[in-house]
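Survey of secondary and tertiary structure
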Number of protein chains: 2
Amino acid sequence: MAHTLTKLYPWLTSHVVVYAPMLGAATPALAANVTKAGGLGFIAGGTKLDALEATLRQVSELTRIPALQAKTTKDVIPIGVGFQLWGVQLSVATLAFAKLAPAVAWLFAPAKSADLAEWAQGIRHATGGKTHIWVQVGTVAEARSAVHLAKPDVLVVQGSDAGGHGLSQSASVMSLVPEVMDMLDSLGRSDLPVLAAGGITDGRSAAGALALGASGIVMGTRFLAAQEAGIARGWQNEITRLTDGGVSTTRSTLCDRLKETKGWPACYDGRAAINQGHKDEKVGMADSENVALYKGEATSGDSAWGPHGRMVTYAGTGVGLIRDVKPAAAIVEEVRSQARECLKRVADTYVYDKPAARL
Amino acid sequence: MAHTLTKLYPWLTSHVVVYAPMLGAATPALAANVTKAGGLGFIAGGTKLDALEATLRQVSELTRIPALQAKTTKDVIPIGVGFQLWGVQLSVATLAFAKLAPAVAWLFAPAKSADLAEWAQGIRHATGGKTHIWVQVGTVAEARSAVHLAKPDVLVVQGSDAGGHGLSQSASVMSLVPEVMDMLDSLGRSDLPVLAAGGITDGRSAAGALALGASGIVMGTRFLAAQEAGIARGWQNEITRLTDGGVSTTRSTLCDRLKETKGWPACYDGRAAINQGHKDEKVGMADSENVALYKGEATSGDSAWGPHGRMVTYAGTGVGLIRDVKPAAAIVEEVRSQARECLKRVADTYVYDKPAARL
């Protein structure tokens, strides 16, 4: 099982690090550098055709290095593209993908679940099967439906700790990943790789997720503090400053309302750092006033983030474990080596040293 | 680190299983059988002096077997007692403990945090230091404060997946356990054992928590489906029936309001299965009517639990992983052996077989 991912993506030297696609944050340099470090980098699909094709071309250039080319299928760009299905046309993806095929299309948040089938089929057709389909789910029921509708190559199982958008009601990966795996087993699909997402921020949580049974892990928030991340310095400062992520962040639809983003299916909200907007809402401020204050502060530069700021600061509960900004490759390497240490420590302690006594 | 618990509690053959104290559910037989299986069983303190002393005496009898006596300190009962501090007098505990000292007092939910200091001191004094102090926390800030105030022997770190009462806002153990451990390290207290609680239901999640760095794990919901659990059959049926725990359960204060329990500090709520009471509240039913319906159904027997029932059905997100009722000892053994398998599998895959290639 754990070997499946390296079979699918031969350049992977790490099962541990896949980068979640986040609009804006996921620059071509970030995606390319995660892949070049032995992970799998992503860009976000966005809604504009030109932007997607141009971005794919950039990533293609950045990953055109001999070490990768030796391990990748000809004509497949060794990165993935994430799509929030409710907000983007399939034709945007297929037109770009027909010219430049990425290794993976990551499908998330369809307006209705049947759209998953149409997307999976459309993308596979556009690239002659070169692009794999990953589907992100947050419940066992969603996972079952996704397997049926999209026949995914990989399931991304997102738990409640995740930053940014996700289901407003869900479990963390701690119980969700094992329960999804049992469901897959009951369908005779225990071969399907499951990646864990949500709250995984360092090598310890990566080791935890692998011990749970995941075939790999997805990190989003950690890469917001990558040097290559395309986010404002004010947001990035918050990522390294915040502690106690379970209480310094919260799940809410406020960020969408402030940004006047309309169209997220009703089951989604987003986890972000609690700031002045949240506090004002809690004491009864109407959205109209909160939105006006948000817009007013959008010109304040980096000081518009922070506990008294109003800019949206998506972050997962693992934010308290992030203390520095570093190159993406260094993050990949650090998570990988720390995860390895953790797994060695627990196996030596509980399995190999004195098996009978220890566990 | 991982050896610390066996040093503290020499009868432990398992770091993996500690049983969360749940009022009612935690019968003397359940507590004793968890301990006899190599775990650490708990009873709930409750509020009545006679009940506590009598229960301690029962557990003392049940654990008086040569195999345990050889490994326990004279005059210490090898089980623990849990207290929800806001609802019970310290004198209830100390009067009973002065006669019968349990190995552990587990302190949770003080009305004000300073009460932790008073309790820790009072209990240590009552048993001449024979009873260890465990403190349950749900945030990094709580953990820091607890270390300062109670000088605990063990920290129980409860994440958002847990069934029953806990903080209404928190992270899952996935990010919370590592962040608490970093905080302890910064205090020079990396020697302090941390147990993970919340969402841990089988050997996979137990392995995950150990890989995260926890010294042991706490399970509550799993033991609701122990043969020895003192809960109604209707509740137990739900524990084995429910699936998809992230959406079939929810955090809310409704259960306290239905039971007319007053006094929980404002930061707590409880995770329970969603039933008719939750549905009625969602469509606007006033508490007074919901309480009346709840009381009316309390005489309906086991059919009062279930999706259309109204009885309180505390359960964690891991409930979907529980499919059968079995003796507590079998649960301990199953979790232990599955956890060991998981740790062996990941270490062999990612560390030992082909270390460089795999992680």
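A brief report on the enclosed structure follows.

Calculation criteria
Starting from 1, residues in each chain are numbered consecutively following that chain's sequence as written. Just so you know, chain letters begin at A and ligand numbers begin at 1, following the order they were written in. Local features in a predicted model are, by the rule used here, given only for residues with pLDDT of at least 70; side-chain atom pairs are given and counted only at 80 or more, and totals for whole chains, interfaces and linings are based on all residues. By convention in this description, side-chain values take in all heavy atoms of the structure and omit both hydrogens and water. Strands are runs of DSSP state E lasting at least 2 residues, helices are runs of H or I lasting at least 4, and numbering of each runs from the N terminus. What the globule rule says is 2.2 Å times the number of residues to the power 0.38, and the radius of gyration is computed from C-alpha atoms. Should any heavy atoms of two residues lie within 4.5 Å, those residues are considered in contact. For accessible areas, the Shrake-Rupley method is used with a probe of radius 1.4 Å. Any residue's cover is judged against the shown protein chains and nothing else. Here the rule is simple: two strands pair whenever DSSP picks up at least two bridges between them. Helix axes are fitted to C-alpha atoms over the stretch in contact, other axes to C-alpha atoms as well, and angles between N-to-C directions run from 0 to 180 degrees. Side-chain rings of Phe, Tyr and Trp, where Trp is taken by its six-membered ring, are said to pair if the distance between their centres is within 6.5 Å; with planes under 30 degrees apart they count as stacked, over 60 as edge-to-face, and otherwise as tilted. Think of it in three bands: with a 1.4 Å probe and only protein chains considered, a residue is buried below 20% of the maximum accessible area for its type, exposed above 50%, and partly exposed in between. Two parts lose some accessible area (1.4 Å probe) when they are put together, and adding that loss for both gives the buried area. The term salt bridge refers to a pairing of a side-chain nitrogen on Lys or Arg with a carboxyl oxygen on Asp or Glu at a separation within 4 Å. Two N or O atoms form a polar contact when they lie within 3.5 Å of each other; inside protein one atom must be a possible hydrogen donor and the other a possible acceptor, and for residues adjacent in sequence the pair counts only when both atoms belong to side chains. Residues are grouped as follows: nonpolar covers Ala, Val, Leu, Ile, Met, Phe, Trp, Tyr, Cys and Pro; charged covers Asp, Glu, Lys and Arg; every other residue, Gly included, is treated as polar. Only residues with pLDDT of at least 70 in both copies contribute their C-alpha atoms to the least-squares superposition of the copies. Note on disulfides: each one is a pair of cysteine sulfur atoms within 2.5 Å. In this description, a nonpolar core means a group of buried Ala, Val, Leu, Ile, Met, Phe, Trp, Tyr and Cys residues linked to one another through side-chain atoms lying within 4.5 Å.

**Overview of the overall build of chain A**
When helices and strands are tallied, chain A shows 17 helices and 11 strands. For a compact globule of 359 residues, the expected C-alpha radius of gyration is about 21 Å, and chain A comes in at 20 Å, within 12% of that figure. Dimensions of chain A, computed from the C-alpha atoms along their principal axes, are close to 55 × 55 × 40 Å. Here the analysis covers contacts within chain A between residues at least 6 apart in sequence; of these, 70% occur between residues at least 24 apart. Of the roughly 12900 Å² that chain A leaves accessible, carbon and sulfur atoms contribute 53%.

**What to know about the sheet that holds strand E7 (residues 164-167) of chain A**
Residue and element names in this part refer to chain A. Strand order in the open sheet formed by three strands is E7-E11-E10, with antiparallel pairing between adjacent strands. Whereas interior strands pair on both sides, the edge strands pair on one side only; in this sheet they are E7 and strand E10 (249-252). When the angles between neighbouring strand axes are averaged without regard to direction, this sheet yields 30°. As paired strands, E10 and strand E11 (residues 268-273) are joined by four bridges and run antiparallel to one another. Considered in E11, the bridge of threonine 249 is made with alanine 273.

**Comments concerning the packing of aromatic side chains**
Residue and element names in this part refer to chain A. What the rule picks out here adds up to 25 aromatic pairs over all chains. Considering the side-chain rings of tryptophan 86 and tryptophan 264, the 5.3 Å spacing of their centres and the 55° angle between planes classify their relative orientation as tilted. Residue tryptophan 86 is located in the loop between strand E3 (76-84) and helix H5 (90-99), and its partner tryptophan 264 is located in the loop between helix H13 (254-258) and E11; the two are separated by 178 residues in the primary sequence. On the accessibility criterion, tryptophan 86 (22% relative accessible area) is partly exposed. An aromatic cluster is built from Tyr9, Trp11, Phe42, Trp106 and Trp134, whose rings are joined through pairwise contacts.

**Overview of the side chain of Ser170(B)**
Within the secondary structure, Ser170(B) sits in the loop between strand E7 (164-167) and helix H8 (173-186). When sequence neighbours within four positions are dropped, the list of residues in contact with Ser170(B) reads Gly246(A), Gly138(B), Gly159(B) and Ser160(B).

**Quick word on the interface of chain B and chain A**
Facing 67 residues of chain B, the contacting portion of chain A comprises 67 residues. With both chains or domains summed, chain B and chain A bury close to 5200 Å², and 57% of this area falls on carbon and sulfur atoms. For the interface between chain B and chain A, the tally reads four salt bridges. The salt bridge partner of Arg323(B) is Asp182(A), with a shortest N-O separation of 3.0 Å. Linking chain B to chain A there are 24 residue pairs in polar contact (both at pLDDT 80 or more). Elements supplying a minimum of two residues to the side of chain B that touches chain A: helix H7 (140-150), H8, helix H9 (203-212), helix H12 (245-248), strand E10 (249-252), helix H16 (328-352) and helix H17 (355-358) of chain B. It is H16(B) that provides the largest number of residues to the side of chain B that touches chain A, a total of 14 residues. Grouping the constituent residues of the side of chain B that touches chain A by class yields 29 nonpolar, 25 polar and 13 charged.

**Topic: the relation of the copies chain B and chain A**
Once chain B has been moved 0.0 Å along the axis and rotated by 180°, it coincides with chain A to within an RMSD of 0.0 Å. A rotation of that kind, with that shift, is consistent with a two-fold axis. By C-alpha distance to the rotation axis, the residue of chain B lying nearest is Gly208(B), at 2.0 Å. Same-surface contact between copies: 100% of interface residues of chain B are shared with the interface of chain A.

**Things to note about the pattern of salt bridges**
Residue and element names in this part refer to chain B. Using the criterion set out here, one finds 40 salt bridges over all chains in the structure. Across the pair aspartate 269 and arginine 251 runs a salt bridge, and its minimum N-O distance is 2.9 Å. Taken together, the positions of aspartate 269 in strand E11 (residues 268-273) and arginine 251 in strand E10 put the pair 18 residues apart, joining distant regions of the chain. Look at aspartate 269 and you get buried, because its relative accessible area is 6%. With a closest N to O distance of 2.8 Å, arginine 257 and aspartate 287 form a salt bridge.

**Side note on the side chain of Thr63(B)**
Residues and elements named next belong to chain B. Checked against the element boundaries, threonine 63 lands in the loop between helix H3 (49-62) and helix H4 (66-69). Residue class for threonine 63 comes out buried when judged on its relative accessible area of 5%. Apart from the residues within four sequence positions on either side, threonine 63 is in contact with Ala32, Leu68, Ile77, Pro78 and Ile79.

**Quick word on the sheet that holds strand E1 (residues 18-19) of chain A**
Residue and element names in this part refer to chain A. One open sheet holds the eight strands; their spatial order is E1-E9-E8-E6-E5-E4-E3-E2, and the pairing between them is parallel. In this open sheet, the two edge strands, each paired with only one partner strand, are E1 and strand E2 (42-44). Judged from the seven bridges that link them, E3 and strand E4 (residues 101-108) form a sheet pairing that is parallel. Its bridge partner being in E4, glutamine 84 is matched across the sheet by phenylalanine 108. Lying on the sheet, helix H7 (residues 140-150) is in contact with strand E5 (132-137) and strand E6 (154-158); it crosses E5 at an angle near 160°.

**Considerations on helix H5 (residues 90-99) of chain B**
The set of residues buried in H5(B) consists of Leu90(B), Val92(B), Ala93(B), Thr94(B), Ala96(B) and Phe97(B). Residues of H5(B) that are buried sit in contact with H3, strand E3 (76-84), strand E4 (101-108) and helix H6 (115-126) of chain B.

**Examining the state of the cysteines**
Enumeration according to the criterion identifies zero disulfides over all chains in this entry. Cys342(B) supplies the cysteine sulfur nearest to Cys342(A), a cysteine that is in no disulfide, at a spacing of 16 Å. The thiol sulfur of Cys255(B) is not disulfide-bonded, and the nearest other cysteine sulfur, from Cys267(B), lies at 17 Å. Since its relative accessible area comes to 2%, Cys255(B) is described here as buried.

**Regarding the environment of Gln236(A)**
Residue and element names in this part refer to chain A. For glutamine 236, the position within the fold is in helix H11 (residues 233-241). In this structure glutamine 236 comes out as buried when scored by relative accessible area, which is 8%. Once you skip the residues sitting within four places of it in the chain, glutamine 236 turns out to touch Leu224, Ala225, Ala226, Ala229, Ile231 and Val325.

**Focus: the pairing of strand E8 (residues 194-197) of chain B**
Residue and element names in this part refer to chain B. Of the two faces of E8, the one holding Val194 and Ala196 and the one holding Leu195 and Ala197 are both buried throughout. Here strand E6 (residues 154-158) pairs with E8 via four bridges, running parallel. Of the residues in E8, the one forming a bridge with glutamine 158 is alanine 197. Judged from the three bridges that link them, E8 and strand E9 (residues 216-219) form a sheet pairing that is parallel.

**Observations regarding helix H2 (residues 28-36) of chain A**
Think of an α-helix as turning once every 3.6 residues; residues three or four places apart then point the same way. Taken as a whole, H2(A) has its buried residues at Pro28(A), Leu30(A), Ala31(A), Ala32(A), Val34(A) and Thr35(A). Remark: Gly38(A) follows H2(A) within two positions and exhibits a positive phi of approximately 100°.

**Regarding the nonpolar core**
Soluble, globular proteins show a tendency: their nonpolar side chains are buried together. Within the largest apolar cluster, 217 residues are counted, with the highest numbers of intra-cluster contacts made by Phe83(A), Trp134(A), Leu155(A), Phe223(A), Phe83(B), Leu155(B) and Phe223(B). Core analysis: the second largest hydrophobic core is formed by 24 residues, Ala109(B), Trp134(B), Val218(B) and Tyr268(B) among them.

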